[in-house]
Amino acid sequence: MNKIVRFLSIAAAMIIALAPAYARKVKKVAPKEHTTVEIPKVTKQVIAVETSSTQLILLVNANGTVQTCHYGRKIADPNEFLNYNSGLGSLYGDGAVTYPAQGGRFISEPALSVKYADGYRNTELYFAGVNRTSKDLVNTTEVLLKDYVTGLEVKLVYDAYLKEDVILSHSEITNAGKAPVTLIDYASSSMYVRGDKFLLTHTYGDWAAEMQIDREVLTHNIKVIETKRGTQATQWNNPSFMLSLNTDSFSETDGDVIAGSLAWSGNFRISFEKDVTHNLNVVAGINPFSSEYELAQNQTFITPDMIWTFSSEGAGQASRNIHAWARNFGVYGGAAIKPTLLNSWEGAYFSFNTETLLRMIDDAAAMGLEMFVLDDGWFAMDYPRDSDKQGLGDWEVNTKKIPEGIDYIASYAHSKGLKFGIWIEPEMANPKSNLAKTHPDWIVRSPGREIYQQRNQWLLDLSNPDVQDFVYGVFDNTMQLSKNIDYIKFDSNRPVYSYGSDYLGKDQSKFYVDYVQGLYNIMRRVREKYPDTIVQCCSSGGARVDYGSLKYFNEYWASDDTDAMERIKIQYGTSLFYPACTIASHVSAVPNHQTTNVTSLKFRFDVACSGRLGMELQPKNLTEEERAFADRCITSYKSWRDLVFAGDLYRISSPYESDYYALMYVSEDKSRAVVFTYCANYLNRAIGTKTFTLQGLDPSKKYKVTEQNVDKSIFSGNGKTLSGEYLMNGGFNIKLFKTMSSAVFYLEAQ
Ligand code: DGJ
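Calculation notes
- Residues numbered from 1 in each chain as written.
- Predicted model: local features only at pLDDT ≥ 70, side-chain atom pairs only at ≥ 80, totals over all residues.
- Heavy atoms only, no water.
- Disulfide = S-S within 2.5 Å.
- Buried < 20%, exposed > 50% of the residue type's maximum accessible area, 1.4 Å probe, protein only.
- Near = heavy atom within 4 Å.
- Polar contact = N/O pair within 3.5 Å; in protein donor to acceptor, adjacent residues only side chain to side chain.
- Areas by Shrake-Rupley, 256 points an atom, 1.4 Å probe, with all protein chains shown as cover.
- Nonpolar A, V, L, I, M, F, W, Y, C, P; charged D, E, K, R; others polar.
- Salt bridge = Lys/Arg side-chain N within 4 Å of Asp/Glu carboxyl O.
- Helix = DSSP H or I, 4+ residues; strand = E, 2+ residues; numbered from the N terminus.
- Pairing = 2+ DSSP bridges.
- Axes fitted to C-alpha atoms, helices over the stretch in contact; angles between N-to-C directions.
- Phe/Tyr/Trp six-rings, centres within 6.5 Å; stacked < 30°, edge-to-face > 60°.
- Right-handed = clockwise from strand over helix to strand, strands pointing away.
- Parallel < 35°, antiparallel > 145°, perpendicular 65-115°, else oblique.
- Left-handed = near helix turned anticlockwise from the far one by under 90°.
- Contact = heavy atoms within 4.5 Å.
- Core = buried A, V, L, I, M, F, W, Y, C linked by side-chain atoms within 4.5 Å.

Chemist: Which residues make up the state of the cysteines, and what values do they have?
Modeler: Scanning all chains against the criterion turns up 0 disulfides. Here cysteine 633 stays free of any disulfide, with the sulfur of cysteine 609 as its closest cysteine sulfur at 6.0 Å. This cysteine, cysteine 679, is not joined by any disulfide, and cysteine 633 carries the nearest cysteine sulfur, 19 Å off. Given a relative accessible area of 0%, cysteine 679 falls into the buried group.

In structure tokens, the structure reads:
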């Protein structure tokens, strides 16, 4: 009883003591008046972003909201869109918002979502101006949007490439408010697409099986293609897609297609949200996964470019638009011819010495190749790079293997009329290396946790400027090994696991973005000093294939899978978005080292010749007859490779929908073409001939057709002069029915 009395009196005393404080507190949280910041009214207007035959229409409403009305065929008077009624009011607040931000009445997938210093999360963007400039055949439109409550500003930048029918779009987000803000979602671009059916084509894959095709008709809700791999971003998925509109079948030649590709070499996310009106909103940009990014006052974040194209003539034209843009603007070095080469990897791996390399150079020269590339294994003394278990990071020449040094080998190659290239993988370190021991702080790691290995290696922290200097230094120092280095193969063989950066401290969530920016900083410096060096982008094959890297790299190694049968599918998938001048494609030994498949030397050449041709085997293992055949193929390739590098691609048959894969490249003036045909499966002999309908020729021109690299042709019209009309309408029928057989034809207008 006493206890209860004591408890009650203590409680009463506490209430009396706290009462004044409570009263003060109540006073403090008295509700504030709610005032609404006024949004300036603007003049209703249409902003048209136009190329030769396409048009993107943005409509600025009087209340300042900006919506996307149209992306497709060009309409002569864009101002007719002033009458446009999106009918989407209640769904999107005000039509199909061009750059939807989390806030206002927008409750779908945002392009922008921001956390402000006071914890609030709403952003509402209103029109604040438009600016247009023009240079050569590129028109730039900048649309300024503003949040009048927080001061956040977003500039939407559209570069319209008139001739190529390509529009690049990105956003620039400026914190013009008074306190730091945190970007949560910060997409490059969003595109509202009207229709009722959308067939999405995108890629998936893995090491040695990149760029496989997936296709699906989108259903309601959200489909996402993305990666969280950090480095090696494109090993499983590529940031590229095609949307065939209002159809459930993929056509190379017919129908409306929108294609897109994000120019970013790290985590990406592209979402396709089919809404209740059955239309589609596409949001593309850096993956927000674990990547909140704080912006200080007056700081601007520039997002990567999203590349868009529209075609009303099927997927083929969409590819050709992107390829033309890539050759003219998007790829370092464009369509300039790159040398045919012999790469040492599959022919020698880690075991070689000076003698091995000199003999390979002799053989390459004898077969008519134009460059020798020394791959992995040439460096590290304390931990010699004799396997992938050690040495990575220690970039001194292994003088036990090559006592005479790199200059000796490079100069020997030059003396034989060959260029010389060399491999580096500067973003990485084996734990067994002096680098890893002297700079543990440069390794991507987080306190107390295991630093996981992949291919026995660790990742260097490119968010750290000192590491960027080191990586740049590896490139620069390698170039100093000989004045005869013409080509660098820049490799990168692992993804990001369990990330952590000693350098970033509390800003860990900037890691994924700053890593990619770090890579680009390095490559910018590389290009300033070495504008003419050919640099190949390799990442365990095709794990860094994107238009962010291609700004600095001339080409990429499409896959470690050199089996020509496998390459057919890999190169088909790649060709949807990337031009042939960027695709390095090598003839290797049989049985194939990855698949053990055996194909004929002709088949291997016919596949490799549809990209930048190379060889990757030990030439001394070839018979005299095989070497002579290689010489023949290399010679013919050189006579029409300008078509592969700069011609327009027409895919005639898909390896996914048929037993055949066929493609052709046609010169701009349609006077020359080269046609590649492959048969993947044995077809009943009774079928006799396969008829291909060629494309892209001039129907009124007469072409002399010459099959390449054979004594006896499988085409009855071989050596004859046939009209483009005939060849494109059923006259090109060839006897191609054996498994893994192929034929290549050169066409020249007479
Ligand atoms: C991976 C690349 O894809 C190969 O071509 C080869 O360069 C190896 N790395 C070397 O380690």
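So, next bit.
Chemist: Kindly report on the site of the ligand, identifying the contributing residues and their values.
Modeler: The ligand sits among 13 residues. The nearest are Asp375, Asp376, Lys489, Asp491 and Asp560. At 2.5 Å, a side-chain N or O of aspartate 560 approaches an oxygen atom of the ligand. For the ligand, whose unbound accessible area comes to 290 Å², protein coverage reaches 98%. Here the residues of the shell around the ligand are counted per class, giving 4 nonpolar, 3 polar and 6 charged.

Chemist: So what about the pattern of salt bridges? Which residues, and what values?
Modeler: A side chain of one charge can pair with a side chain of the opposite charge when the charged atoms of the two come close. The final tally for this structure, using the stated rule, is 30 salt bridges. Arginine 385 is paired through a salt bridge with aspartate 376; the nearest N and O atoms lie 2.8 Å apart. Classification of arginine 385 by relative accessible area gives buried; the value is 0%. With a relative accessible area of 1%, aspartate 376 lands in the buried category. Between arginine 612 and glutamate 555 there is a salt bridge, with the nearest N and O atoms lying 2.8 Å from each other. Taken together, the residues arginine 612 in strand S30 (residues 612-616) and glutamate 555 in strand S28 (residues 555-557) connect sequence positions 57 residues apart. For the pair arginine 612 and glutamate 555, a shared accessibility class is recorded, and that class is buried. In the salt-bridge network here, residues are joined through shared partners; they are Glu109, Glu226, Lys228 and Arg269.

Chemist: Can you lay out the sheet that holds strand S38 (residues 741-749) for me, pointing to particular residues and giving the numbers?
Modeler: Spatially, the 6 strands line up as an open sheet ordered S31-S32-S33-S38-S35-S36, and their pairing is antiparallel. Every interior strand has two partners, whereas the edge strands, strand S31 (648-653) and strand S36 (721-723), have only one. Mean inter-strand twist for the sheet, computed between neighbouring axes without regard to direction, equals 25°. As paired elements, strand S35 (residues 702-707) and S38 share 5 bridges and run antiparallel to each other.

Chemist: Can you tell me about the packing of aromatic side chains, naming the residues and giving the values?
Modeler: Under the criterion given, the structure shown has 42 aromatic pairs. Aromatic pair tyrosine 637 and tryptophan 640: ring centres 5.6 Å apart, planes at 80°, arrangement edge-to-face. Note that tyrosine 637 and tryptophan 640 are positioned in helix H12 (residues 624-646) at a spacing of 3 residues, about one turn of the helix. Judged by relative accessible area, which is 1%, tryptophan 640 ranks as buried. Each ring, one from phenylalanine 715 and one from phenylalanine 745, has its centre 6.0 Å from the other, and the planes form 85°; the classification is edge-to-face. Taken together, the residues phenylalanine 715 in the loop between S35 and S36 and phenylalanine 745 in strand S38 connect sequence positions 30 residues apart.

Chemist: Could you give me a rundown of the pairing of strand S22 (residues 371-374), with the residues and numbers involved?
Modeler: Neither face of S22 is left uncovered, since the one carrying Met371 and Val373 and the one carrying Phe372 and Leu374 both have all their residues buried. By the bridge criterion, 3 bridges tie strand S21 (residues 341-343) to S22 in an arrangement that is parallel. What sits directly across from asparagine 343, in S22, is valine 373. Summarising the sheet, S22 and strand S23 (residues 419-424) pair through 4 bridges and their orientation is parallel. By the bridge assignment, methionine 371 is partnered in S23 with lysine 419. In the classification by handedness, the crossover that spans S22, the intervening helix H6 (residues 406-415) and the parallel S23 is right-handed.

Chemist: I'd like a rundown of the packing of helix H11 (residues 601-608) against H12, residues and numbers included.
Modeler: For the pair H11 and H12, interaxial distance at closest approach is 11 Å and the crossing angle is 25°. Here H11 is positioned roughly parallel relative to H12, judged by the angle of their axes. Considering only the axes of H11 and H12, their crossing is right-handed. Two secondary-structure elements touch here, H11 through Leu601, Lys602 and Phe605 and H12 through Glu626, Phe629, Ala630, Cys633 and Ile634. Considered class by class, the residues forming the contact of H11 with H12 number 6 nonpolar, no polar and 2 charged.

Chemist: Which residues make up the nonpolar core, and what are the values?
Modeler: In terms of nonpolar packing, the biggest core is built from 185 residues, with Trp378, Phe605 and Met615 touching the most fellow members. Among the elements that make up this core, the one with the highest residue count is helix H9 (residues 511-529) (10 residues). Non-local contacts of tryptophan 378, meaning those with residues more than four positions away in its chain, are made with Phe352, Trp395, Glu396, Val397, Asn398, Ile402, Ile406, Ile422, Trp423, Ile424, Thr478 and Leu481. Counting 26 residues, the second-largest nonpolar core is a separate cluster that includes Val675, Cys679, Met728 and Leu747.

Chemist: So what's going on with the environment of serine 53? Which residues, and what values?
Modeler: Looking at where serine 53 falls in the secondary structure, it is placed in the loop between strand S1 (45-50) and strand S2 (54-60). With a relative accessible area of 40%, serine 53 lands in the partly exposed category. Between the C-alpha atoms of serine 53 and isoleucine 75, which are 22 residues apart in sequence, the distance is 9.0 Å. In this structure, serine 53 is in contact with Gly72, Arg73, Lys74 and Asp165, ignoring residues within four places of it in sequence. A polar contact is formed between the side chain of serine 53 and the side chain of aspartate 165, at a distance of 2.7 Å.

Chemist: Which residues make up the sheet that holds S2, and what values do they have?
Modeler: Taken in spatial order, the 3 strands make up an open sheet running S1-S2-S3, and their pairing is antiparallel. The open sheet has two edge strands with one neighbour each: S1 and strand S3 (66-73). Recorded for the sheet is a direction-independent mean angle of 20° between the axes of neighbouring strands. Judged from the 7 bridges that link them, S2 and S3 form a sheet pairing that is antiparallel. In the sheet register, leucine 59 faces S3, and the bridge partner there is glutamine 67.

Read these as layout, nothing more, since geometry by itself doesn't imply function.
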